[in-house]
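# Observations on chain architecture
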Amino acid sequence: MKRRNFLKNLCAVSALATVATPSMVMGKDAPKQKPKGVNAMSYDSALNAITGGKPVADSPKVSLTVPEIAENGAVVPVKVNVDHPMEENNYVKAIHILTTKNGNARAADVMLTPMNGKGYFATRIKLGSTQDVVAVVELSDGTFIKASKSVKVTIGGCG
Amino acid sequence: MPAEARKSMIKIKPKKYKTGDIVKVDFIVIHPMDTGLKKDKKTGEVIPAKYIDSITFKLDGKPFTTMKVWETVSTNPYFSVNLKVPGKGKITVEYTDNTGEKNSKSKKLKPKD
């Protein structure tokens with residue numbers, strides 16, 4: 001009896017294990033399993049919050065400068081230049097810096113005015129892993145353009 | 001760190017500029033920018049989130065750039081924007097963090113004509 005019970009239990013455990021493994025593997029990829037910060041937001045929902053569902057086209061007007069390989073993910077310099085006039089009624093309204101795989105996808109929203117003279121913004125951000133950095137630019141006529149570049153991260157910066 | 005002791009700096013590049021020139025205004029502040037995910041190595045306790053969440057660049061009291069910032073920005077952050085010099089004035093940068101700490105830094109704008 002003992003042996004039978006033991007085998008029964010073993011079967012139950014292995015069955016559980018087989019059921020559990022795929023969900024656990026999926027859970028590893030899903031961001032829900034990771035510890036999240038106070039402002040956890042996925043890339044898609046962040047992009048949606050910025051554009052309100054409007055289409056965002058890749059544009060050569062936006063030049064995004066990031067290093068191809070970042071040895072230290074804690075300090076990744078990001079520079080955005082927008083080739084667009086800065087006049088009273090036609091200017092770069094905002095530059096948004098986003099990341100695709102960080103716990104919180106949003107890094108900075110910069111609201112510009114014609115007083116700036118040029119659509120330019122530079123800062124340094126943290127990257128947890130190898131991912132894309134995206135610059136979404138809003139023009140004063142309500143259209144959105146973007147540029148994205150991949151950054152290889154050797155040591156993650158969000159620990 | 002008490003609010004008064006936080007170090008910050010405004011740099012205008014290039015150093016010599018004229019009215020009508022487009023200059024870079026760099027703002028650097030010593031701030032931990034904690035994400036709320038990191039643990040203290042000695043005690044094992046999670047360091048609470050502390051990051052700058054809004055910055056306003058003003059020229060003579062009139063805001064020309066406003067920013068919303070999240071914890072993704074690096075420790076001791078640096079922000080750089082452009083400004084078309086309209087003449088003499090005073091640049092003020094005001095910033096607040098998520099714990100409500102407020103601070104500001106000013107620098108005079110002196111174009112050499």
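The structure reproduced in this document is the subject of the present report. (Residues numbered from 1 in each chain as written. Chains lettered and ligands numbered in written order. Predicted model: local features only at pLDDT ≥ 70, side-chain atom pairs only at ≥ 80, totals over all residues. Heavy atoms only, no water.)

## Concerning the overall build of chain A
When its secondary structure is counted, chain A shows two helices and nine strands. Counting from the amino terminus, chain A carries its helices and strands in the arrangement α-α-β-β-β-β-β-β-β-β-β. A buried classification covers 39% of the 159 residues belonging to chain A. Long-range contacts, defined as pairs at least 24 residues apart, comprise 65% of the intrachain contacts of chain A with a sequence gap of at least 6. (Helix = DSSP H or I, 4+ residues; strand = E, 2+ residues; numbered from the N terminus. Buried < 20%, exposed > 50% of the residue type's maximum accessible area, 1.4 Å probe, protein only. Contact = heavy atoms within 4.5 Å.)

## Topic: the packing of aromatic side chains
All names here are of chain B. Here the structure, examined in full by the defined rule, presents three aromatic pairs over all chains. Their ring planes at 80° and their centres at 6.3 Å tell us that F27 and F57 sit as a pair that is edge-to-face. Linking F27 in strand β2 (residues 22–29) with F57 in strand β3 (residues 52–59), this pair joins segments that are 30 residues apart in sequence. The exposure class of F27 is buried, given its relative accessible area of 0%. Centroid distance F27 to Y95: 5.4 Å. Interplanar angle 50°. Geometry classified as tilted. On the criterion of sequence distance, the pair formed by F27 in strand β2 and Y95 in strand β6 (residues 89–97) is long-range, its members being 68 residues apart. (Phe/Tyr/Trp six-rings, centres within 6.5 Å; stacked < 30°, edge-to-face > 60°.)

## Topic: the interface of chain B and chain A
Interfaces are often sized by the amount of accessible area the parts lose when they come together. With 32 residues of chain B at the interface, the matching set in chain A holds 31 residues. Summing both sides of the interface, chain B and chain A together bury roughly 2,700 Å²; the carbon and sulfur share of this comes to 52%. Our count for the contact surface shared by chain B and chain A stands at zero salt bridges. Applying the counting rule to chain B against chain A returns 23 residue pairs in polar contact (both at pLDDT 80 or more). Elements that contribute at least two residues to the side of chain B that touches chain A include exactly β2, β4 (62–69) and β5 (78–84) of chain B. (Buried area = accessible area lost by both parts, 1.4 Å probe. Salt bridge = Lys/Arg side-chain N within 4 Å of Asp/Glu carboxyl O. Polar contact = N/O pair within 3.5 Å; in protein donor to acceptor, adjacent residues only side chain to side chain.)

## Considering the environment of I55 of chain B
Residues and elements named next belong to chain B. As for its position among the elements, I55 is in strand β3. Spatially, the C-alpha atoms of I55 and V69 are 7.7 Å apart, while their sequence positions differ by 14 residues. In contact with I55, other than residues within four places in its own chain, are T65, T66, M67, V69, F79, V93, E94 and Y95.

## Some thoughts on the sheet that holds strand β7 (residues 119–125) of chain A
Spatially, the six strands line up as an open sheet ordered β2(A)-β4(A)-β7(A)-β5(B)-β2(B)-β1(B), and their pairing is antiparallel. With one partner strand each, in any of the chains shown, β2 (62–65) of chain A together with β1 (8–13) of chain B form the two edges of the open sheet. Sheet twist, expressed as the mean angle between neighbouring strand axes with direction ignored, is 15°. The sheet contact formed by β7 of chain A and β5 of chain B spans two bridges and is antiparallel. The partner of F121 of chain A across the bridge, within β5 of chain B, is V81 of chain B. (Pairing = 2+ DSSP bridges. Axes fitted to C-alpha atoms, helices over the stretch in contact; angles between N-to-C directions.)

## Some details on unusual backbone geometry
Residues and elements named next belong to chain B. For the bond running from K13 to P14, omega is -5°, close enough to zero to count as cis. Looking at the secondary structure, you find P14 in the loop between β1 and β2. Phi at M33 is positive, roughly 50°, even though this residue is not glycine. Note that M33 resides in the loop between β2 and β3.

## Concerning the side chain of S59 of chain A
Residue and element names in this part refer to chain A. Relative to the elements of secondary structure, S59 occurs in the loop between β1 (56–58) and β2. By relative accessible area, S59 is classed as buried at 15%. At 3.0 Å, the side chain of S59 forms a polar contact with the backbone nitrogen of K61. If near-sequence neighbours (up to four positions away) are discounted, S59 is found in contact with I145 and K146.

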